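# Analysis of the macromolecular model
Listed below, chain by chain, are the residues.
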Amino acid sequence: MTLLKIQNMMSNELSKRAFLSRPPEPPHEFLLNDPTDSIFIGITKLFGVPFTWTYANVTNPHIAVVGITGSGKSFFVKTFLLRASYVWNTNAIIIDWAGEYKGWVKQSGGTVVSLGKGDYINILDLSGMKPLDRAKQISNALDILTDITDFPEQRRLTVEAIEQAYVNFGFAMASTPDPNRDAPTLKDVTKLLEEKLQEGTYQYPAELENAIYRLRQFSREGEDYFARKSTIDIGKLSSSGLVDLDLSGLPDEKFRALAALFILQTLKEKMRVEGWSASKGIKALVVLDEAWKIASDERSDAITIIREGRKYQFGLIVASQNPTDVNETIFSNVGTTIMLRVRFEKFISYLQGSLNFSNFMRSEISKFGVGQAAIDMSFQTSVQFPNVFILDRIVGEIPLDVYTLTVADILNDNELADKSIPRDYSFEKIDLNSRFVQMNLASDTITKLFAALDSKNRIVDMRMLVQIFLKENVNKETILIFMRSIGLPDTIISRALIIK
Ligand SMILES: Nc1ncnc2c1ncn2[C@@H]1O[C@H](COP(=O)(O)OP(=O)(O)OP(=O)(O)O)[C@@H](O)[C@H]1O
Ligand SMILES: [Mg+2]
């Protein structure tokens with residue numbers, strides 16, 4: 001009897017102590033921060049506390065976002081970038097693998113750079129860097145993207161030709177370049193190798209041929225996305241507000257990865273050169289969404305930014321459906337991990353192993369609805385409470401339904417060269433709907449048109465749009481009226497309407 005009582009008492013005591021010493025949410029002072037120096041994310045599930053995020057109390061400004069498709073990764077990223085720009089004037093560069101941020105960036109007044117659809121990057125551009133450093137970076141990118149490391153002689157020939165091209169264009173390898181001087185392109189580099197081959201004096205012509213072949217992949221007419229004069233000022237990317245680097249128009253993963261690596265290299269360099277300033281907040285955020293090749297390779301500058309970003313007020317946000325695609329160095333150096341719904345056991349196990357949360361949390365994560373999230377924070381001070389807590393929902397800006405029409409597919413070369421001709425038109429749903437109504441379309445036709453546009457992720461090019469209209473039996477005169485109403489000139493419209 002007495003014994004039983006004591007046992008009861010003890011277990012009561014124990015459970016109470018366990019609760020008091022390990023409460024299930026961080027205390028308010030960690031969740032609620034100065035609103036002029038933090039970003040509102042959402043309301044905690046248990047105690048309903050508004051959670052605001054600040055770089056100031058975590059080990060690193062970098063953020064990992066994981067979750068299955070449709071769980072809300074991009075929604076979180078957009079919300080975060082917008083609020084960071086309000087609060088800290090933070091610049092953002094989105095390395096947009098699938099072009100999924102494009103419509104939103106347009107809508108938000110940002111800049112969209114569409115590689116492969118009218119925009120070019122010359123990867124030999126220096127934007128203030130010494131030619132020697134740029135040459136090293138290019139060979140580093142080739143190391144990651146091609147098999148060149150297995151062929152040291154070809155690698156040597158390539159680097160030598162890059163350096164020679166700079167010298168031929170009047171640059172000194174180890175000096176800060178004259179900003180008014182044009183850089184050579186990969187075509188000039190390839191030409192140097194071709195000339196060397198033609199001279200016929202080089203000992204290993206096969207090596208030379210292979211080096212040429214490898215470079216031609218990136219300099220061939222029509223696929224010379226990185227071997228022409230740049231159409232954007234790369235040096236200004238990290239100080240231009242919100243920039244979407246849309247890579248979806250490039251033909252394959254290799255080209256996308258080259259663009260991403262090049263941009264990261266340039267941003268890293270910029271970050272180091274600009275140095276630390278004592279200003280408040282985060283200067284720039286770089287977003288890598290589903291860029292697994294870039295996020296997983298130890299040699300990519302995503303790793304350098306992760307390692308050095310904090311002192312330069314540079315943050316990296318990595319979003320992925322598959323946490324095991326993200327390099328361990330990235331995972332162990334982010335200050336914040338946002339876990340949206342994760343379904344695969346092995347992915348949850350990976351997260352649980354590295355973040356060390358309870359089995360209760362584990363089962364919650366697998367059941368989350370859209371926008372629900374578990375947050376892990378690595379606080380700077382050692383804390384006596386669990387690092388992982390649940391947000392009832394990530395509270396975003398009211399999402400605007402934005403539809404984007406891209407027209408680059410029907411522009412000819414002259415029109416593409418003319419920067420005053422827009423390449424995209426964005427409409428809010430409500431606006432597009434009223435245009436359809438003005439075209440006298442029946443309401444079920446309008447419903448079907450929206451369904452077709454939604455199935456294309458709300459971004460269509462002209463050919464696609466014309467097909468969608470024709471499929472719903474909208475006649476060409478009506479399509480013409482629509483296209484005129486958005487401001488397209490008749491020459492371009494007629495070209496679009498010839499397409500079957
Ligand atoms: N917190 C939220 N509140 C309201 N709506 C949300 C929220 N999170 C996501 N959504 C909506 O859910 C849909 C899917 O979200 P989102 O595109 O962010 O998913 P994702 O994780 O990026 O998917 P994917 O891996 O396919 O890119 C979108 O229409 C988005 O507007
Ligand atoms: Mg997404």
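Up top you'll find the structure we're talking about.
Residues numbered from 1 in each chain as written. Chains lettered and ligands numbered in written order. Predicted model: local features only at pLDDT ≥ 70, side-chain atom pairs only at ≥ 80, totals over all residues.

### Some details on the environment of Leu-215
Here Leu-215 shows up in helix α8 (residues 205–216). We classify Leu-215 as buried; it has 27 C-beta atoms within 10 Å. For Leu-215 and Lys-187, which are 28 residues apart along the polypeptide, the C-alpha to C-alpha distance reads 8.4 Å. (Helix = DSSP H or I, 4+ residues; strand = E, 2+ residues; numbered from the N terminus. Buried ≥ 20, exposed ≤ 12 C-beta atoms within 10 Å, placed from the backbone.)

### Some points on unusual backbone geometry
Unusually for a residue other than glycine, Asn-89 sits at a positive phi of about 60 degrees. Relative to the elements of secondary structure, Asn-89 occurs in the loop between α3 (73–88) and β4 (91–96). In this structure, Asn-440 takes a positive phi of about 65 degrees despite not being glycine. Counting through the fold element by element, Asn-440 comes out in the loop between α16 (429–438) and α17 (443–455). Overall, Asn-440 belongs to the exposed group, with 10 C-beta atoms counted inside 10 Å.

### Considering helix α5 (residues 131–145)
End to end, α5 covers 21 Å across 15 residues, agreeing with the expected 21 Å (1.5 Å per residue, within 8%). Of the residues making up α5, those classed as buried are Pro-131, Arg-134, Ala-135, Gln-137, Ile-138, Ala-141 and Leu-142. On an axial view of α5, the arc spanned by its buried residues comes to 160 degrees, and they lie on one face. (Expected span 1.5 Å × (residues − 1). Arc of directions from axis to C-beta.)

### Things to note about the site of ligand 1
As a structural note, the neighbourhood of ligand 1 is formed by 16 residues, with Gly-72, Lys-73, Ser-74, Phe-75 and Gly-371 the closest of them. Counting residues per element, the ones that place at least two in the shell around ligand 1 are α3 and β11 (388–394). Counting residues per element, the shell around ligand 1 draws most heavily on α3, which supplies three residues. Taken together, the residues of the shell around ligand 1 break down into four nonpolar, nine polar and three charged. (Near = placed C-beta within 6 Å. Nonpolar A, V, L, I, M, F, W, Y, C, P; charged D, E, K, R; others polar.)

### Quick look at the sheet that holds strand β12 (residues 402–406)
In spatial order, the strands read β13-β12-β14; together these three strands make up an open sheet with mixed pairing. Each edge of the open sheet is held by one strand with a lone partner, namely β13 (424–428) and β14 (459–461). Neighbour to neighbour, the strand axes of the sheet diverge by 20 degrees on average, direction disregarded. Across three bridges, β12 lies against β14 in parallel orientation. (Pairing = 2+ DSSP bridges. Axes fitted to C-alpha atoms, helices over the stretch in contact; angles between N-to-C directions.)

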